[in-house]
Amino acid sequence: ASPLAPPAHYRAAAPGPKAGVAPARTPAPGKVLIWGSSYSSALVLALGAELKADAVISFSPGEYFDDQGKSKTWVAEQAKPLAVPVFIASAKSEATDWAPLAAAIDPKLVTTFVPTTAGHHGSSALLASQPDAEAYWTAVTVFLKPFVP
């Protein structure tokens, strides 16, 4: 979230991913992958099982909801039932923040990426202007390969 934007709240943000998945499944059969960055990366981990996503991509997740009446481990608790492939990436300094989230999910399903450089927060790490964007793109492309015909 931008420092100029009002703080996002789970109650306000959760309907977004929920509203997007049902129509994605309606027109044609296929895989539905949900992707989140920063605040929404925690949402896709928390809602992935409920939404019956076929995979989850999460850039810079964290336990962002404890100031909204959720427990300090709420995202990890909600992510535990995920039974689909999960990709988690972040800046190097954020890896310890999401390690408990990844640990809550079956390790056979989790792919993680932390750059050897400092890296960047969220999906902005993929911007061509970022010096390590290619490393992030390589990691996410390898993860996505099984989903591309």
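**Brief notes about the packing of aromatic side chains**
On inspection of all chains with the given rule, the structure shows nine aromatic pairs. Aromatic pair phenylalanine 59 and phenylalanine 87: ring centres 5.9 Å apart, planes at 50°, arrangement tilted. Pair noted here: phenylalanine 59 is in strand S2 (residues 55-59) and phenylalanine 87 is in strand S3 (residues 86-89), with a separation of 28 residues, a long-range link. Here phenylalanine 59 matches phenylalanine 87 in class, with each residue buried. A ring pair is formed by phenylalanine 143 and phenylalanine 147, whose centres lie 6.0 Å apart and whose planes are at 45°; its orientation type is tilted.

**Let's talk about the confidence of the model for the chain**
When pLDDT is averaged across the chain, the result is 86; 81% of the residues are at 70 or more. Note on residues 1-6: pLDDT is under 50 here. Beyond four places in sequence and across chains, it has one contact.

**Description of the sheet that holds strand S1 (residues 33-37)**
Read from one edge of the open sheet, four strands run S1-S2-S3-S4, paired in parallel fashion. Both outer strands of the open sheet, S1 and strand S4 (110-113), are each paired with one neighbouring strand and no more. Averaged over all pairs of adjacent strands, the angle between their axes in this sheet comes to 10°, without regard to strand direction. Bridge analysis of S1 against S2 gives five bridges, and the strand direction is parallel. By the bridge assignment for S2, serine 37 is matched with phenylalanine 59.

Cut-offs applied
- Residues numbered from 1 in each chain as written.
- Predicted model: local features only at pLDDT ≥ 70, side-chain atom pairs only at ≥ 80, totals over all residues.
- Heavy atoms only, no water.
- Phe/Tyr/Trp six-rings, centres within 6.5 Å; stacked < 30°, edge-to-face > 60°.
- Helix = DSSP H or I, 4+ residues; strand = E, 2+ residues; numbered from the N terminus.
- Buried < 20%, exposed > 50% of the residue type's maximum accessible area, 1.4 Å probe, protein only.
- pLDDT = per-residue confidence, 0-100.
- Contact = heavy atoms within 4.5 Å.
- Pairing = 2+ DSSP bridges.
- Axes fitted to C-alpha atoms, helices over the stretch in contact; angles between N-to-C directions.

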